[in-house]
Amino acid sequence: MRRAVCPGSFDPVTNGHLDIVGRASQLFDEVIVGVLINHSKTGVFTIEERIEMLREATSGYGNVRVESFHGLLVDFCRAQGAAVVIKGLRAVSDFDYELQMAQMNIGLSGVETLFMPTNPLYSFLSSSLVKDVVKWGGDASSYVPDFVRERLAARLRQN
Ligand code: PNS
């Protein structure tokens, strides 16, 4: 079985992430979305909340699973039996750091990274920007699923 991992922080999942996961799901037998547990960075949502939203957003795909991981991405890939990491590239500015990580990961373990160009509709999109837009009452309806936008608004606009 050909498995790929789509890793990230997903705080929260955006339509840009979902575009990549959905396209990857057509190319691989199984796609595992790996949510990084990063103890040194507190997010807006807990890991459990991020996973819950990702599971809801990807429930229409029969071959996508959502799991959390900590430590090295390559160890998670090995544990999941995945030989490939899929990363979306929004712009050239993403490339430098992504290349470094891809080269480190192949050196560490042989896990390959495949880059997928982001849909141009989402080339400027990030979870951070969406959080800012929602926090200040802007319209983020094109950028995240409705239920994510509602949860963000409830979380960010209560203060
Ligand atoms: O959504 P993000 O925050 O841009 O995702 C970054 C992520 C999770 C893909 C990256 O930080 C990662 O792979 N972290 C795991 C730690 C690791 O394996 N580090 C060495 C990679 S070179």
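Attention in this report is confined to the structure presented alongside it. (Residues numbered from 1 in each chain as written. Predicted model: local features only at pLDDT ≥ 70, side-chain atom pairs only at ≥ 80, totals over all residues. Heavy atoms only, no water.)

Describing the site of the ligand
- Pro-7, Gly-8, Ser-9, Leu-36, Phe-69, Gly-71, Leu-72, Leu-73, Lys-87, Met-101, Met-104 and Asn-105 make up every residue found near the ligand.
- Ser-9 places a side-chain nitrogen or oxygen 2.6 Å from an oxygen atom of the ligand.
- Contacts to the ligand include Leu-73, whose backbone N or O atom sits 2.8 Å from an oxygen atom.
- When the free accessible area of the ligand is taken as 550 Å², the share hidden by the protein chains comes to 69%.
- A class-by-class count of the residues in the shell around the ligand yields 7 nonpolar, 4 polar and 1 charged. (Near = heavy atom within 4 Å. Polar contact = N/O pair within 3.5 Å; in protein donor to acceptor, adjacent residues only side chain to side chain. Areas by Shrake-Rupley, 256 points an atom, 1.4 Å probe, with all protein chains shown as cover. Nonpolar A, V, L, I, M, F, W, Y, C, P; charged D, E, K, R; others polar.)

Observations regarding helix H1 (residues 15-27)
- For H1, with 13 residues, the first-to-last C-alpha span of 19 Å sits near the 18 Å given by 1.5 Å per residue.
- Of the surrounding elements, those touching the buried residues of H1 are strand E1 (3-8), strand E2 (30-36), helix H2 (47-57), strand E3 (64-69), strand E4 (84-89) and strand E5 (112-117).
- With a side-chain oxygen positioned 3.1 Å from the backbone nitrogen of Gly-16, the residue opening H1 is Thr-14. (Helix = DSSP H or I, 4+ residues; strand = E, 2+ residues; numbered from the N terminus. Expected span 1.5 Å × (residues − 1). Contact = heavy atoms within 4.5 Å.)

So, the packing of helix H5 (residues 127-135) against helix H6 (residues 146-156)
- The interhelical angle for the contact between H5 and H6, taken along N-to-C directions, is 65°, at an axis separation of 9 Å. Remark: the crossing between H5 and H6 carries right-handed chirality. Here Val-130, Lys-131, Val-134 and Lys-135 of H5 lie close against H6, whose contacting residues are Arg-149, Leu-152, Ala-153 and Leu-156.
- When the residues that make up the contact of H5 with H6 are grouped by side-chain class, the tally is 5 nonpolar, no polar and 3 charged. (Axes fitted to C-alpha atoms, helices over the stretch in contact; angles between N-to-C directions. Left-handed = near helix turned anticlockwise from the far one by under 90°.)

Here we look at the side chain of Lys-131
- Tracing the backbone through its elements, the reader meets Lys-131 in helix H5.
- Residue Lys-131 is classed as buried on the basis of its relative accessible area, which comes to 17%.
- Residues contacting Lys-131, with those up to four places away along its chain left out, are Asp-11, Pro-12, Val-44, Leu-152 and Leu-156. (Buried < 20%, exposed > 50% of the residue type's maximum accessible area, 1.4 Å probe, protein only.)

Re the pattern of salt bridges
- For the structure shown, the criterion picks out 12 salt bridges.
- Put simply, Lys-87 and Glu-98 hold a salt bridge, and the shortest N to O gap is 2.7 Å. One end of the pair, Lys-87, is in strand E4; the other, Glu-98, is in helix H4 (residues 92-109), and 11 residues separate them in sequence.
- Residue Glu-98 is classed as buried on the basis of its relative accessible area of 14%.
- Each member of the salt-bridge network shares a partner with another, and the members are Arg-3, Glu-30, Arg-65 and Glu-67. (Salt bridge = Lys/Arg side-chain N within 4 Å of Asp/Glu carboxyl O.)

A word on H4
- Counted at 1.5 Å a residue, the expected span for H4 with its 18 residues is 26 Å, and the 26 Å between its end C-alpha atoms agrees.
- Among the residues of H4, those classed as buried are Asp-94, Glu-98, Ala-102 and Asn-105.
- On its buried side, H4 packs onto helix H3 (73-80), E4 and E5.
- Within two residues after H4, Gly-110 carries a phi angle of roughly 85°, on the positive side.

As for the sheet that holds E2
- Across the sheet, which stays open at both edges, the 5 strands sit in the order E3-E2-E1-E4-E5 with parallel pairing between neighbours. Sheet topology places E3 and E5 at the edges, where each strand pairs with a single neighbour. Within the sheet, the average angular offset between the axes of one strand and its neighbour, ignoring direction, is 30°.
- Two elements, E4 and E5, share 6 bridges in a ladder whose sense is parallel. Residue Val-84 lies in a different strand from E5, and its bridge partner there is Glu-112.
- H1 rests against E1, E2, E3, E4 and E5 of the sheet, and its axis sits at about 120° to E5. (Pairing = 2+ DSSP bridges.)

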